[in-house]
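An overview of the molecular structure
Listed below, chain by chain, are the residues.
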Amino acid sequence: MRRIIQWIEIGTIIRSLGCCPSEGELHDLIAEVEEEEPTGYIRFEKFLPVMTEVLLERRYRPSPEDTLLRAFEVLDPSKRGFLTKEELIKYMTEEGEPFSQEEMEEMLSAAIDPESNSIHYKDYIAMMVVDDS
């Protein structure tokens, strides 16, 4: 049995382990475990020690709840407590480190209230925050 991982799945694996690397950090990590001649696959034997080190060092920790709330409040100067789906898409794809189409779809499926077509960000933050205790 070949123990390989498609490089495109590395971000999903890392995030499922509670880590939140930026796209740049993710690319650096992939470069660290990728073969000299990229094949599109990462050998598990090469990935495991690097990922173990990441977890032990508690790298790529998620942002604290108050930091996330302040960030959303900057995007909501009227203090409505929500952003529309369109506003969220604009901010997440056009500002800062833009989300990929896949990341945006994943966030929308978790964040957007289908009835109001908006994100009530305090509820979303409460759902997304990782409890370290």
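Keep in mind that this is a model prediction, so the values were computed, not measured.

For the structure on display, the rule yields 12 salt bridges. A salt bridge links Glu53 to Arg59, with the shortest nitrogen-to-oxygen separation between them at 3.4 Å. Residue class for Glu53 comes out partly exposed when judged on its relative accessible area of 39%. Classification of Arg59 by relative accessible area gives partly exposed; the value is 25%. Between Arg70 and Asp66 there is a salt bridge, with the nearest N and O atoms lying 3.3 Å from each other. Note that Arg70 and Asp66 are positioned in helix 4 (residues 65–75) at a spacing of four residues, about one turn of the helix. Using a relative accessible area of 46% as the deciding quantity, one classes Arg70 as partly exposed. Sharing partners across several salt bridges, the network here consists of Arg3, Glu35, Arg43 and Glu45.

The UniProt feature table records "domain: EF-hand" (unreviewed entry) at residues 63–98. Summarising residues 63–98: 58% helix, 8% strand, and an end-to-end C-alpha distance of 17 Å.

Now for the nonpolar core. Of all hydrophobic cores here, the largest spans 14 residues; its most connected members are Ile10, Ile14, Leu29 and Phe47. Elements with a minimum of two residues in this core: helix 1 (10–16), helix 2 (23–33) and helix 3 (44–56). If you look at the next biggest cluster of nonpolar residues, it comprises 13 residues, including Phe72, Met104, Ile119 and Ile125.

For the rest of this paragraph, the subject is the side chain of Glu103. In this structure, Glu103 sits in helix 6 (residues 101–111). A polar contact of 2.8 Å, which involves the side chain of Glu103, links it to the backbone nitrogen of Ser100.

Our next topic: the packing of aromatic side chains. All told, the structure shown has two aromatic pairs when counted by the stated rule. Relative to Tyr121, the ring of Phe72 has its centre 5.2 Å away and its plane inclined at 5°; by these criteria the two rings are stacked. On the criterion of sequence distance, the pair formed by Phe72 in helix 4 and Tyr121 in helix 7 (residues 121–128) is long-range, its members being 49 residues apart. By relative accessible area, Tyr121 is classed as buried at 2%. Take Phe72: its relative accessible area is 9%, and that puts it in the buried class. Above the plane of the ring of Phe82 lies Arg80, whose end atom (NZ or CZ) is 4.6 Å from the centre.

Turning next to the environment of Ile112. Secondary-structure assignment places Ile112 in the loop between helix 6 and strand 4 (118–120). Distance in space between the C-alpha atoms of Ile112 and Leu83 is 9.2 Å, their sequence separation being 29 residues. Ignoring sequence-local partners within four residues, the contact set of Ile112 consists of Lys85, Leu88, Met107, Asn117, Ser118 and Ile119.

What counts, and where the lines are drawn
Residues numbered from 1 in each chain as written. Predicted model: local features only at pLDDT ≥ 70, side-chain atom pairs only at ≥ 80, totals over all residues. Heavy atoms only, no water. Salt bridge = Lys/Arg side-chain N within 4 Å of Asp/Glu carboxyl O. Buried < 20%, exposed > 50% of the residue type's maximum accessible area, 1.4 Å probe, protein only. Helix = DSSP H or I, 4+ residues; strand = E, 2+ residues; numbered from the N terminus. UniProt positions renumbered as here; feature names shortened; annotations may be inferred. Core = buried A, V, L, I, M, F, W, Y, C linked by side-chain atoms within 4.5 Å. Polar contact = N/O pair within 3.5 Å; in protein donor to acceptor, adjacent residues only side chain to side chain. Phe/Tyr/Trp six-rings, centres within 6.5 Å; stacked < 30°, edge-to-face > 60°. Lys NZ or Arg CZ within 6 Å of the ring centre and 35° of its normal. Contact = heavy atoms within 4.5 Å.

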